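Residue strings, one per chain:
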Amino acid sequence: MAASAQSGHEFDIIVAGGGPAGLSVASEMAKKGHRVLVLEKETAGQTKRSWFVPPFVLDGETRQFSYGGVTRFLAATYSGAKTQWRAKLYPAYPYIDEKKILPYWVEVIEKNGSAIMNNTEYLRHDISDGRVSVTTTKGIFTAALLLDASGYDSPVIKQLKMEDDSYYWWSVYGAVLDMPLTGGLETGDYMMWQTFKDTNPNPKASLAHGRPVFEYEVLGPNRVFALLLFLRKKQVTKEAMKPLFERMLRREDSTAPFHGAKMIEEKFGWYPSGEVSQNKAADRVAFIGDAGCWTTPCGWGMTFILQNYKTYAGKLDETIKAGRLDAEALQAIPALRVTEEFQVVFDKLVMHFLSNAPAPMLDKFINFFNQIDPILCERMFTLTLTKEDFEESIALFLKNFTFGELIRVLPVEDYGLVIRVAKLSVFAYIAAYWYKFTDWLAGRKNNKVEGFSYEEE
Ligand SMILES: Cc1cc2nc3c(=O)[nH]c(=O)nc-3n(C[C@H](O)[C@H](O)[C@H](O)COP(=O)(O)OP(=O)(O)OC[C@H]3O[C@@H](n4cnc5c(N)ncnc54)[C@H](O)[C@@H]3O)c2cc1C
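Every chain's residues receive numbers from 1 upward, in the order its sequence appears when written. Residues qualify for local features only when their pLDDT is at least 70, as the model is predicted, and side-chain atom pairs are given and counted only at 80 or more; totals for whole chains, interfaces and linings, by contrast, use all residues.

1. A closer look at the nonpolar core
Turning to step 1, where the next piece is worked out: Counting residues in each nonpolar core, the largest one holds 128 residues, and the members touching the most others are Ile14, Val15, Val25, Val36, Leu37, Val38 and Ile288.
Turning to step 2, where the next piece is worked out: Here the element with the most residues in this core is helix H5 (residues 301–321); it accounts for 8 residues.
Turning to step 3, where the next piece is worked out: In this description, any two residues whose backbone-derived C-beta atoms lie within 7 Å of each other are considered to be in contact. Those residues in contact with Val15 that sit more than four places away from it in its chain are Gly22, Ala26, Val36, Val38, Leu39, Leu147 and Ala149. Here a nonpolar core is just a set of buried residues of the types Ala, Val, Leu, Ile, Met, Phe, Trp, Tyr and Cys, joined wherever their C-beta atoms sit within 7 Å. Labels follow a simple rule on C-beta atoms placed from the backbone: if 20 or more others lie within 10 Å of a residue's own, it is buried; if 12 or fewer, it is exposed; otherwise it is partly exposed. Only DSSP runs of H or I with at least four residues qualify as helices, and only runs of E with at least two residues qualify as strands; both kinds are numbered from the N terminus onward.

Written as structure tokens, this is what we have:
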């Protein structure tokens, strides 16, 4: 029977936020016998998000909520850069049915004697006498530990003044569409990058300068999830994104198959993109999911949650049993998905590049996948790059862009990345200079992008 959650009741753990991070970890902790209270300001089990993930993050319990998946990657820009390939690393990257997996976790929590309070907002917390007391819109509750799973706009982070301004933010607005698959669209298609000239009149403008990207995932016959994304230091409001999305969908020549689509469900949200740094914690307060930046530097927060929630809960259980709920012990819990520094460094470089590179540099980047094995792109997404992939990619970047161009893509506070790359890839530097030498011998000129500078609007 679900535990009652009246004002003043005591719990082992209070979870702020009933999204995928809060519900998944709460379900595991409830299974292990902890009395958990999940506070959700809306309705736990419902979301405006939708996901696809690499298959290796699913297990016997979560696989039942997956279906179909991405089987073909595509990219196209207004100036003519184009690529496409059949998924190579895995036959498919499954879609997760958000309408089934979240309610499943709700059921597990309640079946194991823990509680969920909907329409209940976390407001603040105080720590005294070894307990956290959490003030909500429906009263005060106490527990030994507060787990913040409130996502992109965490009030806990604000209260503790732990904001991190190094993050970029993906801002997303889109919809699930009912439409026939015409114009070459196939079930399993993932348009990972499409841009249009008239969404920003400056041909050199980067995403940081306000160029949006159009994406879509073909979920099945007559079902497409299409979305618009920004990658910037500032979150872009839903009000600003919605009309742009509608214009991309209805008025661009290259989206003709979408022009008559019927919108059946609105989707939107914001998620962080930062270094894989899930070690935020304070005494008796830990952070999970987007609130704890459980993302790869390129996003993919649901992937991270699915891969880590059980390991995290197991380690949290041990830490609680050892009586350690201080910041140091809580910081030590997260299980990094990656152990190799070069994977993190490379993903971070790509994140700066995607946000700050002007359109001509992005066109070249997209064309790389016609020159090299595109499995590299899939390994980059899944944080499974090998050292050889890393060196090959760095050499390719150095061959195709001048050092000056690359450095201008980095914000000043991250210039240190250049040193990290150089230390990790001496071979790539030598290879890049060899390429330049052979180019020179062949009398080929480097195709430079004219001056631009990194600058947020
Ligand atoms: C449109 C979209 C598509 C995406 N696609 C993918 C994908 O294909 N693959 C992938 O791996 N990742 C994807 N992501 C990223 C992924 O959705 C997020 O990383 C993931 O949802 C993070 O889960 P979370 O539980 O930490 O946060 P959220 O999903 O944001 O959930 C936080 C919850 O906390 C609640 N809350 C907030 N404040 C309070 C408060 N004060 N009190 C109580 N409750 C509160 C919110 O109502 C919400 O229910 C996508 C994101 C978006 C927006």
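Read on, since the account is not over.
2. A closer look at the site of the ligand
Turning to step 1, where the next piece is worked out: Near the ligand lie 38 residues; those nearest to it are Gly19, Gly151, Gly269, Gly289 and Gly301.
Turning to step 2, where the next piece is worked out: At the level of secondary structure, the elements contributing two or more residues to the shell around the ligand comprise helix H1 (20–31), strand S3 (51–52), strand S16 (262–273) and H5.
Turning to step 3, where the next piece is worked out: No other element matches H5, which puts 4 residues into the shell around the ligand.
Turning to step 4, where the next piece is worked out: Grouping the constituent residues of the shell around the ligand by class yields 18 nonpolar, 13 polar and 7 charged.
Turning to step 5, where the next piece is worked out: Domain delimitation in this document rests on an assignment produced automatically or drawn from a domain database. Two domains each put at least three residues into the shell around the ligand: domain 1 (10–47 + 99–165 + 279–331) and domain 2 (51–96 + 166–273). Think of it this way: take the backbone, place a C-beta atom on it, and check whether that atom is within 6 Å of the molecule or strand, in which case the residue is near it. Amino acid classes used here: Ala, Val, Leu, Ile, Met, Phe, Trp, Tyr, Cys and Pro are nonpolar; Asp, Glu, Lys and Arg are charged; the rest, including Gly, are polar.

3. Structural notes on the sheet that holds S16
By way of backbone hydrogen bonds, the strands of a sheet pair with one another, either parallel or antiparallel.
Turning to step 1, where the next piece is worked out: At least two DSSP bridges between two strands are needed for those strands to be called paired. Taken together, the 7 strands give an open sheet; going across it, the order is S6-S5-S13-S14-S15-S12-S16, and neighbouring strands pair in mixed fashion. The sheet is open, and its two borders are formed by strand S6 (82–86) and S16, each paired with just one other strand. Sheet twist, expressed as the average angle between the axes of neighbouring strands with direction ignored, equals 15 degrees.
Turning to step 2, where the next piece is worked out: Across 11 bridges, strand S12 (residues 168–178) lies against S16 in antiparallel orientation. Each residue of the ladder has a partner; that of Tyr173, found in S16, is Phe268.
Turning to step 3, where the next piece is worked out: Angles shown run from 0 to 180 degrees and are taken between the N-to-C directions of axes, each axis being a line fitted to C-alpha atoms and, for helices, limited to the stretch in contact. Set on the sheet, helix H7 (residues 341–356) makes contact with S12, strand S15 (223–232) and S16; between it and S15 the angle comes to about 95 degrees.
Turning to step 4, where the next piece is worked out: Together, strand S5 (72–76), S6 and strand S13 (189–194) form the strand contacts of helix H8 (residues 359–371), whose direction differs from that of S6 by roughly 40 degrees.

4. Describing H8
Turning to step 1, where the next piece is worked out: By this rule, a helix spans an expected 1.5 Å times one less than how many residues it contains. The terminal C-alpha atoms of H8, which comprises 13 residues, lie 19 Å apart, in line with the 18 Å expected from a rise of 1.5 Å per residue.
Turning to step 2, where the next piece is worked out: Within H8, burial applies to Ala359, Met361, Leu362 and Phe365. Buried residues in H8, looked at end-on, bunch into an arc of 170 degrees, giving them a common side. Residues of H8 that are exposed and point over 90 degrees away from its buried face: Asn370 and Gln371. Relevant arc is that of directions from the helix axis to the C-beta atoms, nothing else.

5. Focus on the packing of H7 against helix H12 (residues 416–424)
Turning to step 1, where the next piece is worked out: H12 packs onto H7 with a crossing angle of 135 degrees between their chain directions and a minimal axis gap of 10 Å. The angle between H7 and H12 places the two elements in the oblique class. The way H7 lies across H12 gives a crossing that is left-handed. Contacts from Glu341, Phe342, Val345, Lys348 and Leu349 of H7 reach H12 at Leu417, Arg420, Val421 and Leu424.
Turning to step 2, where the next piece is worked out: Split by residue class, the contact of H7 with H12 holds 6 nonpolar, no polar and 3 charged. The labels follow the angle: roughly parallel below 35 degrees, roughly antiparallel above 145, roughly perpendicular from 65 to 115, and oblique for the rest. Two helices cross in a left-handed way if the nearer one is turned anticlockwise from the farther one by less than a right angle. They cross in a right-handed way if the turn is clockwise.

6. Regarding the packing of H1 against H5
Turning to step 1, where the next piece is worked out: Packing of H1 against H5 leaves a shortest axis separation of 9 Å and a crossing angle of 35 degrees. Crossing of H1 against H5: the hand is right-handed. Residues Pro20, Ala21, Ser24, Val25, Glu28 and Met29 of H1 form the contact with H5, whose own contacting residues are Met302, Ile305, Tyr309, Lys310, Tyr312, Ala313, Leu316 and Asp317.
Turning to step 2, where the next piece is worked out: Counted by class, the contact of H1 with H5 contains 10 nonpolar, 1 polar and 3 charged residues.

7. Overview of H1
Given 3.6 residues per turn, any residue in an α-helix points the same way as the ones three and four places further on.
Turning to step 1, where the next piece is worked out: With 12 residues, H1 should reach 16 Å at 1.5 Å per residue; the first-to-last C-alpha distance of 16 Å fits that figure.
Turning to step 2, where the next piece is worked out: With 11 of 12 residues buried, H1 lies mostly within the body of the structure.
Turning to step 3, where the next piece is worked out: Three or more residues of H1 are buried, namely Pro20, Ala21, Gly22, Leu23, Ser24, Val25, Ala26, Ser27, Glu28, Met29 and Ala30.
Turning to step 4, where the next piece is worked out: Of the surrounding secondary structure, the elements contacted by the buried residues of H1 are strand S1 (10–16), strand S2 (36–39), helix H2 (98–111), strand S11 (139–148) and H5.

8. A word on unusual backbone geometry
Turning to step 1, where the next piece is worked out: Despite not being glycine, Asn119 shows a phi value in the positive range, around 50 degrees.
Turning to step 2, where the next piece is worked out: Within the secondary structure layout, Asn119 lies in the loop between strand S8 (115–117) and strand S9 (122–128).
Turning to step 3, where the next piece is worked out: Residue classification places Asn119 among the exposed positions, given that 12 C-beta atoms sit within 10 Å.
Turning to step 4, where the next piece is worked out: Positioned with a positive phi, Asp129 is a non-glycine residue whose angle comes to about 50 degrees.

9. Some thoughts on the confidence of the model for the protein
Turning to step 1, where the next piece is worked out: Each residue carries a pLDDT score, the predictor's own confidence in it, on a scale running from 0 to 100. On average, residues of the protein score 87 in pLDDT, and 89% of them are at 70 or above.
Turning to step 2, where the next piece is worked out: Note that residues 1–8 has pLDDT below 50 and, in this model, 17 contacts with residues that lie over four places away or in other chains.
Turning to step 3, where the next piece is worked out: Long-range and interchain partners of residues 444–457, a stretch whose pLDDT sits below 50, account for 21 contacts in this model, where long-range means more than four residues apart.

10. As for the environment of Thr386
Turning to step 1, where the next piece is worked out: Positionally, Thr386 belongs in the loop between helix H9 (375–381) and helix H10 (387–400).
Turning to step 2, where the next piece is worked out: The partly exposed category is assigned to Thr386, around which 13 C-beta atoms lie within 10 Å.
Turning to step 3, where the next piece is worked out: Taking the C-alpha atoms as reference points, Thr386 and Leu376, separated by 10 residues in sequence, lie 9.0 Å from one another.

11. Considerations on the sheet that holds S3
Turning to step 1, where the next piece is worked out: In space, the 3 strands of this open sheet follow the order S3-S7-S4, with antiparallel pairing throughout. In the strand order of this sheet, the two ends are held by S3 and strand S4 (66–70), each with one partner.
Turning to step 2, where the next piece is worked out: With 2 bridges joining them, S3 and strand S7 (residues 93–96) adopt antiparallel strand pairing. Note that in S7 the partner of Trp51 across the bridge is Ile96.

12. With respect to the pairing of S5
Turning to step 1, where the next piece is worked out: Alternating residues of S5 divide into Phe73 and Ala75, all buried, and Arg72, Leu74 and Ala76, none buried.
Turning to step 2, where the next piece is worked out: Judged from the 5 bridges that link them, S5 and S6 form a sheet pairing that is antiparallel. Paired with Phe73 across the strands is Trp85, a residue of S6.
Turning to step 3, where the next piece is worked out: Inspection of the sheet shows S5 paired to S13 by 5 bridges, in the parallel sense. Across the sheet, residue Ala76 finds its bridge partner in S13, namely Gln194.

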